[in-house]
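The residues making up each chain are set out below.
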Amino acid sequence: LKCLAQKVEMRTYTPGDLLMLVGEVGTELFIVHSGLVQPVRETGEPLRDCFLGEGSFFGEVCFLKPGSRRTASILCVDFCTALVLTIDAFTELKLEELLEALRKEAQSLQKNYVKVSNPLLDSESHDKGSSMDELESYKTQSLNAGLVAKKLRHPSGRSSLS
């Protein structure tokens, strides 16, 4: 993991910069080191009434679903530094097996997660196509936070992200 940590880049962004753009194929995971960013729609409107600050991460879906496209843009609101890890870092370090193990565990956790009662599965209140898209997004966002924290656990029990 030390070699992987050495592949992490520190990038600086200024207010108005886009860290990632909706629709692009994802290849990077971002972890906010300092500052504030906000998820925004294609129109530039905030996706939610929330800001992501120190310790927040996004873009992890590209590690779990290669070739997936970004579902939101991320706008720098306040001067920001972010740690950035690319999928290519795993290839360069010959860690494809680790990445594949993460993907398999994510799929397993996702299958188990679907079994939990979820209002998005109520077919009477949503049309099937829409609710499945919403469920996929909801599952992925909720699951990824736990998965990344579990896999990046420090031997002392602390998260290596903190």
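Within every chain, residues take consecutive numbers counted from 1 along the sequence as written. Given that the model is predicted, a residue must reach a pLDDT of at least 70 before its local features are reported, and side-chain atom pairs must reach 80 or more before they are shown or counted; all residues, however, enter totals for whole chains, interfaces and linings. Remark: hydrogens and water are excluded; side-chain values derive from all non-hydrogen atoms of the structure.

## Remarks on the pattern of salt bridges
Thought 1: Any Lys or Arg side-chain nitrogen located within 4 Å of an Asp or Glu carboxyl oxygen qualifies as a salt bridge. Tallied over the full model, the rule gives five salt bridges.
Thought 2: Glu9 is the salt-bridge partner of Arg11, the closest N and O atoms lying 3.1 Å from each other.
Thought 3: Only protein chains enter the calculation, and the probe is 1.4 Å; a residue is then buried if its accessible area is under 20% of its type maximum, exposed if over 50%, and partly exposed in between. The exposure class of Arg11 is partly exposed, given its relative accessible area of 22%.
Thought 4: Its relative accessible area of 38% is what places Glu9 among the partly exposed residues.
Thought 5: The network of salt bridges with shared partners includes Glu9, Arg11 and Glu28.

## Details of the packing of aromatic side chains
Thought 1: A pair of aromatic rings is counted whenever rings of Phe, Tyr or Trp (Trp by its six-membered ring) have centres within 6.5 Å, and the orientation is called stacked for planes under 30 degrees apart, edge-to-face for over 60 and tilted otherwise. Counted according to the given criterion, the structure contains two aromatic pairs.
Thought 2: Between the aromatic rings of Phe30 and Phe58, the centroid separation amounts to 5.3 Å while the plane-to-plane angle is 10 degrees, which identifies the pairing as stacked. Taken together, the residues Phe30 in strand β3 (residues 28-40) and Phe58 in strand β4 (residues 57-58) connect sequence positions 28 residues apart. Phe58 matches Phe30 in its accessibility class, with the two residues each being buried.
Thought 3: When the ring of Phe63 is compared with that of Phe90, the centres are 5.5 Å apart and the planes differ by 70 degrees; the resulting orientation is edge-to-face. Here Phe90 lies in helix α3 (residues 87-92) and Phe63 lies in helix α2 (residues 61-64), a separation of 27 residues in the sequence. Only runs of H or I of at least four residues qualify as helices and only runs of E of at least two qualify as strands under DSSP, and these elements are numbered from the N terminus.

## Side note on the pairing of β3
Thought 1: When β3 meets strand β5 (residues 73-86), the two strands line up antiparallel, connected through 11 bridges. Paired with Ile31 across the strands is Leu83, a residue of β5.
Thought 2: What makes two strands pair is DSSP finding at least two bridges between them. For β3 and β4, the ladder comprises two bridges, and the chain directions are antiparallel. When the bridges of β4 are listed, Phe30 appears paired with Phe58.

## Considerations on the nonpolar core
Thought 1: Nonpolar cores are built from buried Ala, Val, Leu, Ile, Met, Phe, Trp, Tyr and Cys residues. Side-chain atoms within 4.5 Å join them into one set. The biggest cluster of nonpolar side chains holds 13 residues, and the ones touching the most others in it are Tyr13, Leu19, Phe30, Val37 and Phe58.
Thought 2: Taken together, the elements giving at least two residues each to this core come down to β2 (18-20), β3 and β5.
Thought 3: Here this core takes five residues from β5, the largest share from any one element.
Thought 4: By definition, residues are in contact when any of their heavy atoms lie within 4.5 Å. If near-sequence neighbours (up to four positions away) are discounted, Phe30 is found in contact with Arg11, Tyr13, Leu19, Met20, Ser56, Phe57, Phe58, Arg70, Ala82, Leu83 and Val84.

## Some details on unusual backbone geometry
Thought 1: Look at Lys94: it is not a glycine, yet its phi comes out positive at around 55 degrees.
Thought 2: Following the sequence through the fold, Lys94 ends up in the loop between α3 and α4 (96-115).

## A few points about the confidence of the model for the chain
If pLDDT is low for a region, its predicted coordinates should not be looked at in detail.
Thought 1: Known as pLDDT, the predictor's per-residue confidence is scaled from 0 to 100. Per-residue confidence for the chain gives a mean pLDDT of 79; residues scoring 70 or more make up 70%.
Thought 2: By mean pLDDT, helix α5 (residues 128-151) is the weakest element of the chain at 45, and strand β1 (residues 9-13) is the strongest at 98.
Thought 3: For the stretch residues 122-136, pLDDT sits under 50, and the model shows 12 contacts to residues farther than four places along the chain or on other chains.
Thought 4: Confidence drops under a pLDDT of 50 for residues 138-162, and excluding neighbours within four residues, the segment shows 38 contacts in the predicted structure.

## Digging into a nonpolar patch on the surface
Thought 1: Think of a patch as exposed residues, more than 30% relative accessible area, with no salt bridge, where like charges cluster within 9 Å and nonpolar side chains (Val, Leu, Ile, Met, Phe, Trp, Tyr) cluster within 5 Å. Here, Shrake-Rupley sampling with a 1.4 Å probe gives the accessible areas, and only protein chains in the shown set may cover a residue. Among the surface-exposed residues, Leu36, Phe51 and Val77 lie close enough to one another that they form a single nonpolar patch of about 230 Å² accessible area.
Thought 2: As for its placement among the helices and strands, Leu36 is situated in strand β3.

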